[in-house]
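Residue-level structure breakdown
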Amino acid sequence: MSTAKRTGTPSPELHAADSHDLIRVHGARVNNLKDISIEIPKRRLTVFTGVSGSGKSSLVFDTIAAESQRLINETYSAFVQGFMPTLARPEVDVLDGLTTAISVDQRRMGGDPRSTVGTATDANAMLRILFSRLGKPHIGPPSAYSFNTASVHASGGITVERGAAKTKTVKATFNRTGGMCTRCEGRGSVSDIDLTQLYDDSKSLAEGAFTIPGWKSDSQWTVQVYAQSGFVDPDKPIRQYTKKELQAFLYGEPVKVKVNGVNLTYEGLIPKIQKSFLSKDKESLQPHIRAFVERAVTFTVCPECEGTRLTEGARSSKINRKSIADACAMEIRDLAEWVRGVKEPSVAPLLTALQQTLDSFVQIGLGYLSLDRASGTLSGGEAQRVKMIRHLGSSLTDVTYVFDEPTAGLHPHDIQRMNNLLLQLRDKGNTVLVVEHKPEVIAIADHVVDLGPGAGTAGGTVCFEGTVEGLQAGDTITGRHLDDRASLKEEVRKSTRALEIRGATANNLQGVDVDIPLGVLSVITGVAGSGKSSLVHGSIPTDEGVVSIDQSPIRGSRRSNPATYTGLLDPIRKAFAKANDVKPALFSANSEGACPTCNGAGVIYSDLGMMAGTATTCEDCGGKRFDASVLEYRLGGRDISEVLAMPVTEAEEFFGAGEAHTPAAHKILERLADVGLGYLTIGQPLTTLSGGERQRLKLATHMGDKGGVYVLDEPTTGLHLADVEQLLGLLDRLVDSGKSVIVIEHHQAVMAHADWIIDLGPGAGHDGGRLVFEGTPADLVAARSTLTGEHLAAYVGG
């Protein structure tokens, strides 16, 4: 790149239009960014590095991508904008040279039960057209093969106007053939409520028959409605109810009844439970309520469609002896081969387009998936790669693609594939911005931006900007750790007992027999799709002694923060209440203590109709979220808003001694510091946390659980190279305290640090699901008998 192009000044041999080859950011102050200014080359691959929480996502997603999206939205009419999400302008002085930005992040796909891998990528739509053209017997148009379309039949009279005043009523019929199974409504499974979990039928309502959490027979209003409704006898055991009483008790329609002189609504127990518990997001429920829901509701495969979601007609229509249900159940790489075998000139363009889509899955390392896989069950990394498939065949160029750790969940063997895809996008003339920690991805960058030096308030500045070689030679945290290599342990811990798994067949596991040693650090590894999660989450019994920390996302609104999520706020509120002799509810911004103007949000959200909404700091509380009278109460010389503004390390010291000494709060804060979140403000909204911060917050929360076996699913996700070392120390402390730690992991540093490695493979999907190695890391390196062994040997220099 010439000097003239780098400075943006056109040279004589350049056309003026060719001089705009930089994205210029000046004075960015979003989140923790400290007025930073950088220039990013267009049509190049730029990698953003830095410790977790240093400001990478704030710069790439919340500044560059957000402003690009906002400017695009402003090109639409005010009417259309009214149906779009409202975006505020990022806090930045100058953003110049932006192009259309497409963000491909790790947000999981929606958990809608009807959303599958096929429907999310249009592969299903092409298959439906194919079967409607070639399927024998022919049953109808593409909708006849769709599990999201119900069959509709209607007939009646319609009015037809003819001429000035002549009308005529004629008989008309309407038919639409859909493929949705009528029993399960296209979900593939039917739910049933286990009545034995709701009540003890040997008792009467007066004796406390209900076993639902929070339903007490003596004082709970909901229970009193049933007892005094008049529909059932409160003193008669439920098992002695007549058929009419049981019908009213379980399925009664809503009706007004008078209880103790108060008008209340009575409805059957089943619809009441569905509204009270089952209509809510399970992840947002309190742990004991969630456990009840998991006990009370059973999901079984639909007996009518056998889990295919489709009608019998859709399943009977076949091409080359395969129905559309068979095709969607095949692994995508096998489906791609089957499509190649379909020879029909009349649909050649359709077959070519479908073939390209399916080959993209295989190329991106997702050939082990099937099109009928529910999209909500994909990991964050898998979901991101599925989204990538939409863009690989795109005709668009000069687009800015923004990726958030695209290698998450990838085995070292698969990272090279991902690198090739990123380079393909760049070589088509696109600008590719990648937030990443893996040295393998940083190595292929044309340009590197390193943010830091620390996290939170200690970050937000540009520590380095330039080439990969310059980063390696520079004195930044990332530069110093780029060539880090964890060495194999000289001596591994010995296990005295093991967790026996026999004949494991969950998903693609092929009758795996393995003993997972306890009392040591065990790592389960293998290529993506080899069966690691199936073995651990599907075969290890989830009894009282097992604490499982999987990849399910943290649920939280902008009102949630680390203090509320970890339960830290409860002892803090009680300490404030005790010190000031008032109610704990006063110290909750979601309850009595909330500022009445902003309702405890700290900001006022203004919906401006068709225009973009705005969020302004509440003038009455100054963003503190609490009523002024509440801020007069103090603990250790601080009010509640000042405490919530403390970083974890300061709060740990504050609650550790002196007047504010609160052991329960101090214990939680110690755990947060242990997982490397000491810089985090305890009142910071969860929505502003990075992926790595959320993962460690979840780990800190579960560290307080009583259990002897910890199961962690890729705990290094989102962790900087420097933070991995701290994580290894934490895992060692857990094992040394008498716990057993089982980790599903691809990171070679964790593998090298393990006491025992279990490697699954040799491939993914039906090529995996077998035990290919078990033993110490040193034995794996010496043998080099598996893909993992080869990569680990190269990593440790063996």
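Residues numbered from 1 in each chain as written. Predicted model: local features only at pLDDT ≥ 70, side-chain atom pairs only at ≥ 80, totals over all residues. Heavy atoms only, no water.

A separate point is the overall build of the chain. Helices and strands together make up the secondary structure of the chain, namely 29 helices and 27 strands. Scaling as 2.2 N^0.38, a compact globule of 798 residues should have a C-alpha radius of gyration of about 28 Å, and the chain matches this with 30 Å. Within the chain, the fraction of its 798 residues that count as buried is 49%. Sequence separation of at least 24 residues holds for 65% of the intrachain contacts in the chain that already meet a minimum separation of 6. Counting every atom, the chain has about 36,700 Å² of accessible surface; 50% of that belongs to carbon and sulfur. Positive and negative side-chain charges in the chain, numbering 83 and 94 respectively, have mean positions lying 7 Å apart. (Helix = DSSP H or I, 4+ residues; strand = E, 2+ residues; numbered from the N terminus. Rg over C-alpha atoms; globule rule 2.2 N^0.38 Å. Buried < 20%, exposed > 50% of the residue type's maximum accessible area, 1.4 Å probe, protein only. Contact = heavy atoms within 4.5 Å. Areas by Shrake-Rupley, 256 points an atom, 1.4 Å probe, with all protein chains shown as cover. Lys, Arg positive; Asp, Glu negative; His and termini not counted. Charge placed at Lys NZ, Arg CZ, Asp CG, Glu CD.)

Pairing is possible between side chains that carry opposite charge, provided their charged atoms lie close to one another. Within the structure shown, the criterion is met by 28 salt bridges. Note that Arg 239 is salt-bridged to Asp 201, the shortest N-O span being 3.1 Å. Taken as a pair, Arg 239 in the loop between α6 (221-227) and α7 (243-251) and Asp 201 in the loop between β8 (189-193) and α6 lie far apart in primary sequence, 38 residues in all. A salt bridge links Asp 414 to Arg 417; the nearest nitrogen and oxygen atoms lie 4.0 Å apart. Of this pair, Asp 414 and Arg 417 are both found in helix α15 (residues 412-427), three residues apart, which corresponds to roughly one turn of the helix. In this structure Asp 414 comes out as buried when scored by relative accessible area, which is 7%. Among the charged side chains, a network of salt bridges with common partners joins Lys 489, Arg 493, Asp 732, Asp 736 and Asp 755. (Salt bridge = Lys/Arg side-chain N within 4 Å of Asp/Glu carboxyl O.)

Its place among the elements puts Val 514 in strand β19 (residues 512-518). In the structure, Val 514 is positioned 21 residues away from Leu 535 in sequence and 9.6 Å away in space, judged by C-alpha atoms. Apart from residues no more than four positions distant in its own chain, Val 514 is found in contact with Leu 499, Glu 500, Ile 501, Arg 502, Leu 535, Ile 758, Leu 771 and Glu 774.

Here we take up the environment of Lys 739. The topology assignment puts Lys 739 in the loop between α26 (721-736) and β25 (740-744). Residue classification places Lys 739 among the partly exposed positions, given a relative accessible area of 22%. Each C-alpha atom, one on Lys 739 and one on Tyr 199, is 37 Å from the other, the two residues being 540 residues apart in sequence. Apart from the residues lying within four places of it in its own chain, the contact partners of Lys 739 are Gly 519, Gly 707, Gly 708, Tyr 710 and Leu 734.

Further remarks concern the packing of helix α12 (residues 332-340) against helix α13 (residues 348-363). α13 packs onto α12 with a crossing angle of 155° between their chain directions and a minimal axis gap of 9 Å. It follows that α12 is roughly antiparallel to α13 by the angle criterion. Remark: the crossing between α12 and α13 carries left-handed chirality. Between α12 and α13, the residues in contact are Ile 332, Arg 333, Leu 335, Ala 336, Val 339 and Arg 340 and Leu 351, Leu 354, Gln 355, Leu 358, Asp 359, Phe 361 and Val 362, respectively. Looking at the contact of α12 with α13, its residues break down into nine nonpolar, one polar and three charged. (Axes fitted to C-alpha atoms, helices over the stretch in contact; angles between N-to-C directions. Parallel < 35°, antiparallel > 145°, perpendicular 65-115°, else oblique. Left-handed = near helix turned anticlockwise from the far one by under 90°. Nonpolar A, V, L, I, M, F, W, Y, C, P; charged D, E, K, R; others polar.)

Before going further, it helps to spend a moment on the packing of helix α5 (residues 123-134) against α13. At their nearest, the axes of α5 and α13 sit 10 Å apart, and the two run at 150° to each other. Accordingly, the angle class assigned to the pair α5 and α13 is roughly antiparallel. You can see that α5 and α13 cross each other, and the crossing is left-handed. The segment α5 lies against α13, with Ala 123, Met 126, Leu 127, Ile 129 and Leu 130 engaging Leu 350, Leu 351, Ala 353, Leu 354 and Thr 357. Here the residues of the contact of α5 with α13 are counted per class, giving nine nonpolar, one polar and no charged.

Next up on the list: unusual backbone geometry. Note the cis peptide between Gly 452 and Pro 453, where omega equals 0°. Residue position: Pro 453 is located in the loop between β16 (447-452) and β17 (461-466). Put simply, Gly 761 and Pro 762 share a cis peptide bond, and its omega is 0°. Along the polypeptide, Pro 762 turns up in the loop between β26 (756-761) and β27 (770-775). In this model, Arg 784 sits at a positive phi of 50°, which is unusual for a non-glycine residue.

Moving on: the environment of Arg 385. On the secondary structure map, Arg 385 appears in helix α14 (residues 380-392). Looking at Arg 385, the relative accessible area reads 1%, which means it is buried. Taking the C-alpha atoms as reference points, Arg 385 and Ile 364, 21 residues apart in sequence, are found 7.0 Å from one another. Once residues lying within four places of it in the same chain are set aside, the contact partners of Arg 385 are Ile 364, Leu 366, Tyr 368, Pro 406, Ala 408, Leu 410 and Met 418.

This next bit is on the side chain of Ser 641. Turning to its location among the elements, Ser 641 is positioned in helix α22 (residues 640-644). Reaching out from Ser 641, the side chain makes a polar contact with the side chain of Asp 639 at a distance of 2.7 Å. Aside from chain neighbours lying at most four places away, what touches Ser 641 is Lys 624, Phe 626 and Leu 631. (Polar contact = N/O pair within 3.5 Å; in protein donor to acceptor, adjacent residues only side chain to side chain.)

Right, let's get into the nonpolar core. Across soluble globular proteins, you tend to see nonpolar side chains buried next to one another. Of all hydrophobic cores here, the largest spans 70 residues; its most connected members are Leu 127, Leu 130, Leu 335 and Phe 403. In terms of residue count, α5 provides more of this core than any other element does, six residues in total. In contact with Phe 403, not counting residues within four places along its chain, are Phe 61, Val 104, Gln 384, Met 388, Leu 422, Leu 425, Val 432, Leu 433, Val 434 and Val 435. (Core = buried A, V, L, I, M, F, W, Y, C linked by side-chain atoms within 4.5 Å.)

Chemically, a disulfide is nothing more than a covalent bond linking the sulfur atoms of two cysteines. For the structure on display, the rule yields zero disulfides. A disulfide-free cysteine, Cys 618 has its sulfur positioned 3.7 Å from the sulfur of Cys 621, the nearest such atom. By relative accessible area, which is 1% here, Cys 618 ends up buried. (Disulfide = S-S within 2.5 Å.)

Here the focus is a nonpolar patch on the surface. There is a patch of nonpolar side chains on the surface, built from Tyr 76, Phe 79, Val 80 and Phe 83 and spanning about 440 Å² of accessible area. Mapped onto the elements of the fold, Tyr 76 is located in the loop between α2 (56-73) and α3 (78-81). (Patch = residues over 30% accessible without salt bridge, like charges linked within 9 Å, V, L, I, M, F, W, Y side chains within 5 Å.)

Okay, the sheet that holds strand β21 (residues 546-549) next. Read from one edge to the other, the open sheet built from six strands follows the order β21-β24-β25-β20-β26-β27, with strand pairing classed as mixed. Either end of the sheet is taken by a strand with one partner, and the two such strands are β21 and β27. Each neighbouring strand pair of the sheet contributes to a mean axis angle of 15°, computed without reference to strand direction. Relative to β27, β26 runs antiparallel, the two being bridged by five bridges. Bridging across to β27, Leu 760 finds its partner in Leu 771. (Pairing = 2+ DSSP bridges.)

So, on to helix α9 (residues 287-296). Among all positions in α9, only Ile 289, Phe 292, Val 293 and Ala 296 are buried. End-on, the buried residues of α9 take up no more than an arc of 100°, which puts them together on one face. (Arc of directions from axis to C-beta.)

So, on to the packing of aromatic side chains. In this structure the tally under the stated criterion is 13 aromatic pairs. Sitting over the ring of Phe 147, Arg 309 keeps its end group 5.0 Å from the ring centre. (Phe/Tyr/Trp six-rings, centres within 6.5 Å; stacked < 30°, edge-to-face > 60°. Lys NZ or Arg CZ within 6 Å of the ring centre and 35° of its normal.)

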